[in-house]
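# Remarks on the overall topology
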Amino acid sequence: MTNKSVTRRGVLKSGAVAGTGLALPTIFTASSAAAYTNEPTGSSVVLGFNVPQTGPYAEEGNDELLAQQLAVEHLNGEGDGGCMNTFSSKALKGNGILGKKVEFVTGDTQTKSDAARASAKSMIEKDGAIMINGGSSSGVAVAVQGLCQEAGVIFMAGLTHANDTTGKDKKANGFRHFFNAYMSGAALAPVLAAEMGKERRAYHLTADYNWGWTQEESIVASTEALGWETVNTVKTPLASTDFSSYIAPVLNSGADVLVLNHYGGNMVNSLTNAIQFGLLDKVANGKDFKIVVPLYSELMAAGAGENIKGVLGSMNWNWQLQDEGTKAFVKSFGEKYGKPPSNSAQTCYAQTLLYADAVERAGTFNPCGVAEALEDFEFDGLGNGPTWYRGADHQCFKDVLVVRGNENPTNAYDTLEIVEITPRAQVEYDPEHPMFAGGELGKCNSGA
Amino acid sequence: MLGLNKKDTSLLIVVALLTMLAPFILNPFPEGSAMAQFNAGYPDLMQRFVIFGIFAIGFNILFGLTGYLSFGHAAFLGVGSYSAVWMFKLLSYNVVPAIALSVVVAGLFSLLIGFVSLRRSGIYFSILTLAFAQMSFALAYSVLSNPKFNLTNGETGLQVYADDPQILQGANAPDLPHLFGLPMRSTYTMDLGAWSFDFNAGYYLCAVVLMVVFYLAIRIFRSPFGMMLRAVKSNQQRMNYTGLNSKPYMLAAFVISGMYAGLAGGLMAAMDPLAGAERMQWTASGEVVLMTILGGTGTLIGPVLGAGFIKYFENIFSKINDNVLHSWFSFLPDGLEDAVVFVIHPFIGKGWHLTLGILFMLVVIYLPGGLVEGGQRLRGWFRRKKKGADDAPSGKTEPAE
Amino acid sequence: MDAILLQILNGLDKGSAYALIALGLTLIFGTLGVVNFAHGALFMIGAFCAVSVQKLLNLSFVTLDETQKDFLGNPLKVETPYVQSWFGPEVGATIIDWSVPLAILFAIPIMLMVGYVMERGLIKHFYKRPHADQILVTFGLAIVMQEVVKYFFGANPIQTPPPEALSGSVDLGIMIGFDTNAIIYPIWRLVYFAFAVGIIGAVFSFLQFTTFGMVVRAGMADRETVGLLGINIDRRFTIMFGIAAAVAGLAGVMYGPLNPPNYHMGMDFLVLSFVVVVVGGMGSLPGAVLAGFLLGILESFASTTWATTTIPGINQIIIYLVAIIVLLTRPRGLMGRKGVMEE
């Protein structure tokens, strides 16, 4: 690499040197003149990419990071431009954001709220980041979102699926592109009914923490509305690595569907255990036994290997979609990194472009202006078809995918196949829906 | 001065200077220079240095003096954080009652756990404390955060919501943690030529607290009570035979170190009003053990050094990515640049754990007394060089065990 | 009744892993007096021996298939494992299918060597150092091992499926007169339990019935006296360290098909296995095994719906609760010896 990237600090430095040269008598100046937190004054602007780089979600975080680097390239007019060509808003010109070259800093969330806040703070306080993007868990998303609200920068959430992120913990400075547990339930239920019938008895295994609970609540509500019965809901400790003692009683419980409200390592292990116990080969209540994993991700599917064959679930986005935005992004990402992007990578990529676009349209980096530009913004061309950022709770609405583990994958990447693209209208809900009620968006904070 | 002998006084003064001037010391490189990546003088990290320093000093009072290795100290830190945030939620954002309560609650909690755990010694004691802490963690993470009885807010972490009572919160008081109106986040940035230094209100609060508790730690180390604790370490049985009951002393040491941990937890919440359950996990307890051993067990300054060392790696090394590497080595020819980046790559960014692991091993292999011994050796080496002869063994100021 | 039997099976199975790791830890502790925080990492390395064998057997050459396209529209790369082209597709596929059992042969020498190198290169220098130093250095080593594995294999779990013949489940219930589907149990879990019992039996009989084992036992009881008798106890202890590493490694190899290995699986077991060792009593091999199975069974019962509705959250804390109760009622664990690690 020969491009000598000029850091924002470098520019600041030269600026500061020139400044002190001019105004020598007042060396001790307090830099409180900025109109908002980390107002970019030089020729570049710094974005903060906060993703898990250590711990169980490191691969997920790595994929997000690759996508974000790609987005920065595209914003700066390098590479093939990716989704900039298909994006319905044409404010971005490939010359950075508002003419400032885009740079980025990275941090490690370790998938812990404390560590994530520490690294976000360091990016804001030390590196002058103007927005924070990424992450791979709802706990982290809510924690960092709160921090960004206090500090006065924009937060784009990355992979976070709990209802609370845009429900009771929503914040004016935070936006979520990813879908949520309620939407998973709303999208999955009709497909489940069509594939498995309306008289099913479901057994839930749920990771015992906030995300697991909201997902269980959503899935139970939407399947019971179909006529399903819930036999039992069992909470499993997050630290569990072996689920045999939770899986073993399932077959004898009178249930004929197992719903695994697990994610990451929990999901890989619980699904593997369920297959070991031969659940999918069994017949219960005169019906074939089925397993549902409401939230899928490509990396977890890869970890679960052959076990996911035939198992239904939902996803935010998949590289096999055929819209123009998706094709442009997959091509761009695939040619650069030699593999198709995961759905969390796509989320982070789209969020970076959306943020940049909002700044261009607002004409300022001021978080309040940016938030206003993002609120109730409708667009197309970043994948998933027409998309809406709802102003009332900063949740994004777009089509949701129902997917199934591919019975006959032809390569390492098509382990999931798209069963149905659930239209946006079907997954929309009222901002005051009981599963989301309780929080307040508050006012946007620019840190001034 | 203050009832300390000359050596301890000078140690205290050194610590005072270091903490007060930290914004300068930790930002030695000009803004924008390639080395600025290594600057640590931003508010959040400075606060962390000091807070974990307090935590480690407290831990050392137990472990360094008595040799009882507690593997559950993070529980007290977590309890302290939770009580501080609850004070924010119920009373007001003023940090004084929050910190006070966190110390009290952590003290009571450690009294309870200490009373039970101290019935055993050695590794049995370690496992008892570990078991209590892991139980607290599991309860905080899920059981105590169910919608009906939400004490900890689980995975997300306990935080202040707009609809919390905050009965004492004045109309004009800042809407974030403050000390009688001075927000903890307010920072004064001084630009001095190419350099820039941050002076943060919260940091200075922590620094003052650190000096107070450091002074207390010195007094404890030098007191008859401290002697008693050391006696426990060297031979508890013999001590018991002389008719002394060591139990109350042990319990007092345990509670004091628990209160230090609670204080650290309270300060953490005061700097950043969110308390996450991971603070109580065994990895967090393990971290303070590592800090203490790494710095130098049983020494006064060691734990603070160890805390700084680990936090520095966690926050600085994890942020160095390939882009930064390329910008450092961009002066090299292309092929060579890529080769250098390729070699360094596994050790930085997402590989910071690897670097930390290697350094743990190196320190403990070559410096059995931790970083403090490293410092002593350096000093001894310089002194010998000056004198030109190694007549006297290097001044052993601290017991380096 | 069937539910109880099922949870006992589960408990024995969980207990097998705990017992094997705790056995190795106690061997190291009892012989060398070293607290080995890298023992979980040895378990993990074992599991990754299986992953490596699987990868080696799957080493493939690439041919381009013009008739099929990959995700970018280029010709699909079809990979054929060398093993299949050498031995014919069927024999090759069978060899790959049996990669986990084959990995045992591979793992034994590797783990013995890892253990030997670790002891000679590092642990040896820490005999006389405080336990705290031993913890720090072995913990550092564990982090390094784990990061190296992460560097080569990534952070995602990797499936190591059991051989086709041993995958799936059997209906044990029918054999003893229950209804169908009452007691369904995976075959590989039964294999794992049998394997664990075999290893434990082998270690005990090795210590009990060989001269080597007798000397080691004497050394564990009183190292100095044995040394004074002119026996090179150090060399034997080094070998014991290798054996302990191999036990942990084999436990890891066989564990892969139960739950796919990832680089931090060792840390997940580390704390738990220490609790097991201490509950069993420091320095007692039978204690470690007994405590492993006991805690496994209790953990299984605590996760039943009946238990969690009676005491909410009991499944989260059972292990620690049991540890506290045992240590308060029996000062040295179930079968601990006096004076070991009590200072």
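Rules used throughout
- Residues numbered from 1 in each chain as written.
- Chains lettered and ligands numbered in written order.
- Predicted model: local features only at pLDDT ≥ 70, side-chain atom pairs only at ≥ 80, totals over all residues.
- Helix = DSSP H or I, 4+ residues; strand = E, 2+ residues; numbered from the N terminus.
- Rg over C-alpha atoms; globule rule 2.2 N^0.38 Å.
- Buried ≥ 20, exposed ≤ 12 C-beta atoms within 10 Å, placed from the backbone.
- Contact = placed C-beta atoms within 7 Å.
- Nonpolar A, V, L, I, M, F, W, Y, C, P; charged D, E, K, R; others polar.
- pLDDT = per-residue confidence, 0-100.
- Pairing = 2+ DSSP bridges.
- Expected span 1.5 Å × (residues − 1).
- Axes fitted to C-alpha atoms, helices over the stretch in contact; angles between N-to-C directions.
- Parallel < 35°, antiparallel > 145°, perpendicular 65-115°, else oblique.
- Left-handed = near helix turned anticlockwise from the far one by under 90°.
- Bend = angle between axes of the 7 residues up to and from the residue.
- Right-handed = clockwise from strand over helix to strand, strands pointing away.

Attention shifts here to the overall build of chain B. Helix and strand content of chain B: 15 helices and eight strands. Scaling as 2.2 N^0.38, a compact globule of 401 residues should have a C-alpha radius of gyration of about 21 Å, and chain B matches this with 22 Å. Taking the principal axes of the C-alpha coordinates as reference, chain B spans close to 65 × 65 × 40 Å. Taking all 401 residues of chain B together, the buried fraction comes to 54%. Within chain B, contacts between residues at least 6 apart in sequence are counted, and of these 73% link residues at least 24 apart.

It is worth spelling out the overall build of chain C at this point. If you tally the helices and strands in chain C, you get 15 helices and four strands. Against the compact-globule benchmark of 20 Å for 343 residues, chain C has a radius of gyration of 22 Å, which places it among compact chains. Considering only C-alpha atoms, chain C reaches an extent of 75 × 50 × 35 Å along its principal axes. Counting across all 343 residues of chain C, residues that qualify as buried make up 52%.

Turning our attention to the interface of chain C and chain B. The interface of chain C with chain B comprises 32 residues on the first partner and 35 residues on the second. Secondary-structure elements contributing two or more residues to the side of chain C that touches chain B are helix H6 (131–153), helix H12 (265–280) and helix H15 (314–329) of chain C. Top contributing element to the side of chain C that touches chain B by residue count: H6(C), with eleven residues. Of the residues in the side of chain C that touches chain B, the class split is 24 nonpolar, three polar and five charged.

A few words on the interface of chain B and chain A. Listed per partner, the contact involves 43 residues of chain B and 47 residues of chain A. Of all the secondary-structure elements, those providing two or more residues to the side of chain B that touches chain A are helix H3 (43–66), helix H6 (122–143), strand S6 (187–192) and helix H12 (322–328) of chain B. With five residues, the top contributor of residues to the side of chain B that touches chain A is S6(B).

Averaged over all residues, the pLDDT of chain C equals 89, while 99% of them reach at least 70. Of the two predicted TM-score estimates for the complex, the pTM is 0.90 and the ipTM is 0.91.

Residue and element names in this part refer to chain A. Of all eight residues in strand S2 (residues 44–51), eight are buried; the element is thus mostly enclosed. A two-sided burial pattern is seen for S2, the buried positions comprising Ser44, Val46, Gly48 and Asn50 on one face and Val45, Leu47, Phe49 and Val51 on the other. Bridge analysis of S2 against strand S3 (residues 101–108) gives eight bridges, and the strand direction is parallel. Bridging from a neighbouring strand, Asn50 pairs with Gly107 of S3.

All right, on to unusual backbone geometry then. All names here are of chain B. Its identity is not glycine, yet Asn153 carries a phi of approximately 60°, on the positive side. Looking at the secondary structure, you find Asn153 in the loop between strand S2 (149–150) and strand S3 (158–159). Residue classification places Asn153 among the buried positions, given that 23 C-beta atoms sit within 10 Å.

With that settled, the discussion passes to the environment of B:Asp334. The residue B:Asp334 is located in helix H13 (residues 334–344) in this model. A sequence separation of 210 residues divides B:Asp334 from B:Tyr124, and the C-alpha atoms of the two residues are 57 Å apart.

Let us look at helix H9 (residues 247–271) of chain B. Because an α-helix completes one turn every 3.6 residues, residues spaced three or four positions apart along the sequence face the same direction. Look at H9(B): 36 Å from first C-alpha to last across 25 residues, which is about the 36 Å you get at 1.5 Å a residue. The element H9(B) is largely enclosed, with a buried count of 21 among its 25 residues.

Residues and elements named next belong to chain A. What the five strands build is an open sheet, ordered S3-S2-S4-S5-S6; its pairing is parallel. A single partner strand is all that each edge strand has here, and the edge strands are S3 and strand S6 (174–175). Relative to S6, strand S5 (residues 154–156) runs parallel, the two sharing two bridges. Among the inter-strand pairings, Met156 is bridged to a residue of S6, identified as Phe175.

The next point concerns the packing of helix H2 (residues 39–57) of chain C against helix H11 (residues 233–255) of chain C. The angle between the axes and the distance between the axes are what describe a pair of packed helices. All names here are of chain C. Contact pair H2 / H11: the axes reach a minimum separation of 6 Å and the direction vectors enclose 50°. Comparing the axis directions of H2 and H11 gives the class oblique. Judged by the sense of rotation from one axis to the other, the crossing of H2 with H11 is right-handed. Where H2 abuts H11, its residues His39, Leu42, Phe43, Met44, Ile45, Gly46, Ala47, Cys49 and Ala50 lie against Ala245, Ala248, Gly249, Leu250, Ala251, Gly252, Val253 and Tyr255. Tallied by class, residues from the contact of H2 with H11 come to 13 nonpolar, four polar and no charged.

Residue and element names in this part refer to chain A. Its 16 residues give helix H5 (residues 181–196) an end-to-end C-alpha distance of 21 Å, which sits within 8% of 22 Å, the value for a rise of 1.5 Å per residue. Along its length, H5 reaches its greatest deviation from straightness, about 30°, at Leu188, and the proline Pro190 lies no more than four positions downstream. Residues of H5 that are buried include every one of Ala181, Tyr182, Met183, Ser184, Gly185, Ala186, Ala187, Leu188, Ala189, Leu192 and Met196, and no others. Of the residues flanking the end of H5, it is Gly197, one or two places downstream, whose phi is positive at about 90°.

Residues and elements named next belong to chain A. In the contact formed by H5 and helix H6 (residues 210–226), the axes pass within 8 Å of each other and the chain directions differ by 35°. When you trace H5 past H6, the crossing you get is right-handed. Here Ala181, Tyr182, Ser184, Gly185, Ala186, Ala189, Leu192 and Ala193 of H5 come into contact with H6, specifically with Thr214, Gln215, Ser218, Ile219, Ala221, Ser222, Thr223, Ala225 and Leu226.

On to the pairing of S3(A), then. Counted residue by residue, S3(A) has seven buried out of eight residues, so it is predominantly covered. Following the backbone out of S2(A), through helix H2 (residues 58–75) of chain A and into the adjacent parallel S3(A), one traces a crossover that is right-handed.

The next thing to look at is the sheet that holds strand S7 (residues 201–207) of chain A. Residue and element names in this part refer to chain A. Spatially, the seven strands line up as an open sheet ordered S8-S7-S9-S12-S13-S17-S18, and their pairing is mixed. Because the sheet does not close on itself, it has two edges, and the strands there are strand S8 (229–236) and strand S18 (416–422). Strand-to-strand twist in this sheet, taken as the mean axis angle between neighbours without regard to direction, amounts to 25°. Relative to strand S9 (residues 257–261), S7 is paired through five bridges, and the arrangement is parallel. Bridge pairing in S9 places Tyr203 opposite Leu258. Lying on the sheet, H6 is in contact with S7, S8, S9 and strand S12 (290–295); it crosses S7 at an angle near 165°. Contacts between helix H8 (residues 264–276) and the sheet are confined to S7, S9 and S12, with S9 contributing the most and set at about 160° to the helix.

All names here are of chain B. On the secondary structure map, Phe38 appears in the loop between helix H2 (22–25) and H3. Assessed through the 15 C-beta atoms surrounding it within 10 Å, Phe38 is described here as partly exposed. Residues Phe38 and Leu144 lie 106 residues apart in sequence; the distance between their C-alpha atoms is 40 Å. Once you skip the residues sitting within four places of it in the chain, Phe38 turns out to touch Phe29 and Ile316.

What follows deals with the confidence of the model for chain B. All names here are of chain B. Here chain B averages 88 in pLDDT, while 96% of its residues score no lower than 70. By mean pLDDT, the top-scoring element of chain B is helix H5 (residues 95–117) (96), and the lowest-scoring one is strand S1 (residues 145–146) (80). Predicted confidence is poor over residues 389–401, with pLDDT under 50, and the contacts of this stretch with residues over four places away or in other chains come to 20 contacts.

All names here are of chain B. Within the secondary structure layout, Tyr82 lies in helix H4 (residues 74–90). For the pair Tyr82 and Ala275, spaced 193 residues apart in sequence, the C-alpha separation works out to 5.8 Å. Excluding anything up to four places from it in sequence, Tyr82 contacts Thr152, Leu158 and Ala275.

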